[in-house]
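Coordinates in review
So you can see what is in the structure, the chains are spelled out below.
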Amino acid sequence: MAKSLASRYIADIMFSPFEPDRLEASRRRLRAIPVRILVPNVITLLALCAGLTAIRLAFEQKLELSLAAIVFAAALDGIDGRIARLIKGQSRFGAELDSLADFVNFGCAPALILYLWGLHEYGNVGWIAAMVFAICGALRLARFNVMIDDPNRPLWAGNFFTGVPAPAGALIVLLPIYVNLLGVPKVAATVTLFYTMAIAFLMVSQLPVLSGKRVGKRVPPEMVLPVIVFVILFFALLIAYPWWVLSIGTVCYLACLPLGWVSYKEYQRKDAMSAAQAAAAVADVPVSGALPPGPAEDSERPVRLN
């Protein structure tokens, strides 16, 4: 026993606790976390609470409150990233937490709400449609996390999402419920099933969708007051006429999806033109010390051999 304790003590003193590397690692472990990093994570957790509450309200047949919780979660999800960039509170932990919260809020919650509202009429088939939507939401979020670290993406690609983003997909997939709450007779469960599947495939598709992340960072001085009035008017209408605003907004969003594809192709065309011009400019520059062209009979040889 004494021999084992002595050998452990000798092994410990071989690595001095006063080594600078260990002291620096200890300081990094015990360093206090700035509040500016906690604020975005708290907002993300509030959004997660809203999504979980939406699921509970759906089981309690409180449909309007459940949809309101989903909209509130989407609003919080839209501001947590902007606030993090504004106060320089980005962190890897926050990014992972945001993805997990988005899966619950915009994958699981809308799927369960749709199933409890109308898809349950088809039994297992309706449940499969709900699961497909939730799984497509998870795949969409995973692909976003992978693509955001791609160093080969052009700068203008930041203006686009690949596929419909998860928060937008959650809001537009609930369109049949919005329309029903406006007083329109409930659509057939078949329509809801195919509509759910279509939105799920749009989320995992390669369709370029305008992101709007780089819009609105700067507001001209003459537009400050109109922007404030417009924002207040929008939220007033959303509170007073929520189902009208959500229905019209969903239809407009779906109608604008082709614009993102057209804009993406225009960026690609400009990139191709710039690359062609750069290649032509390089070809026109004479190379110093180049050998004179070979005889005419070599013109049939491959370019690599010439």
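No experiment lies behind these values; they were computed from the predicted model shown.

The rules we used
- Residues numbered from 1 in each chain as written.
- Predicted model: local features only at pLDDT ≥ 70, side-chain atom pairs only at ≥ 80, totals over all residues.
- Heavy atoms only, no water.
- 1 Å grid on protein atoms, 1.4 Å probe; cavity = no way out; pocket = protein on both sides within 12 Å on 5 of 7 lines; lining within 4 Å.
- Points joined across faces, edges and corners; volume = space filled by probe spheres on them.
- Helix = DSSP H or I, 4+ residues; strand = E, 2+ residues; numbered from the N terminus.
- Nonpolar A, V, L, I, M, F, W, Y, C, P; charged D, E, K, R; others polar.
- Phe/Tyr/Trp six-rings, centres within 6.5 Å; stacked < 30°, edge-to-face > 60°.
- Lys NZ or Arg CZ within 6 Å of the ring centre and 35° of its normal.
- Salt bridge = Lys/Arg side-chain N within 4 Å of Asp/Glu carboxyl O.
- Buried < 20%, exposed > 50% of the residue type's maximum accessible area, 1.4 Å probe, protein only.
- Contact = heavy atoms within 4.5 Å.
- Core = buried A, V, L, I, M, F, W, Y, C linked by side-chain atoms within 4.5 Å.

As a further point, take the layout of surface pockets. What the second largest pocket holds in volume is close to 210 Å³. Forming the walls of the second largest pocket are Met 147, Arg 153, Pro 154, Trp 156, Ala 157, Phe 160, Phe 161, Thr 162, Gln 206, Pro 208 and Tyr 264. Broken down by element, the lining of the second largest pocket gets its largest block of residues, three residues, from strand E1 (residues 160–162). Taken together, the residues that form the lining of the second largest pocket break down as eight nonpolar, two polar and one charged.

Moving on, we get to the packing of aromatic side chains. By the definition in use, this model includes six aromatic pairs. With centroids separated by 5.7 Å and ring planes inclined at 85°, the aromatic side chains of Phe 160 and Tyr 267 adopt a geometry described as edge-to-face. Of this pair, Phe 160 sits in strand E1 while Tyr 267 sits in helix H11 (residues 242–284); the two residues are 107 residues apart in sequence, bridging distant segments of the chain. The structure contains a cluster of three or more aromatic residues connected by ring pairs, namely Phe 160, Tyr 264 and Tyr 267. The lysine or arginine in question, Lys 186, covers the ring of Trp 117, its NZ or CZ lying 4.7 Å from the ring centre.

What follows deals with the pattern of salt bridges. Applying the stated rule across the entire model yields five salt bridges. A salt bridge links Glu 60 to Arg 56; the shortest N-O distance between them is 2.8 Å. For Arg 56, a relative accessible area of 54% translates into the label exposed. As a salt-bridge pair, Glu 96 and Arg 92 come within 3.1 Å of each other at their nearest N and O atoms. One end of the pair is Glu 96 and the other is Arg 92, both in helix H5 (residues 92–117) and four residues apart, which spans about a single turn. For Arg 92, a relative accessible area of 53% puts it in the exposed group.

The next subject is the environment of Val 132. For Val 132, the position within the fold is in helix H6 (residues 124–147). The spatial distance from the C-alpha of Val 132 to the C-alpha of Ala 200 is 6.9 Å, given a sequence separation of 68 residues. For Val 132, the contacting residues outside a window of four places in its chain are Met 197 and Ala 200.

A separate point is the nonpolar core. If you look at the biggest cluster of nonpolar residues, it comprises 49 residues, and the most contacted ones within it are Leu 67, Ile 113, Phe 133, Val 164, Leu 174, Ile 177 and Tyr 178. Of all elements in the fold, only helix H3 (35–59), helix H4 (63–86), H5, H6, helix H7 (166–173), helix H8 (175–181), helix H9 (189–204) and H11 reach the threshold of two or more residues within this core. Setting aside anything within four residues of it in sequence, one finds Leu 174 in contact with Leu 67, Ile 70, Pro 110, Ile 113 and Leu 114.

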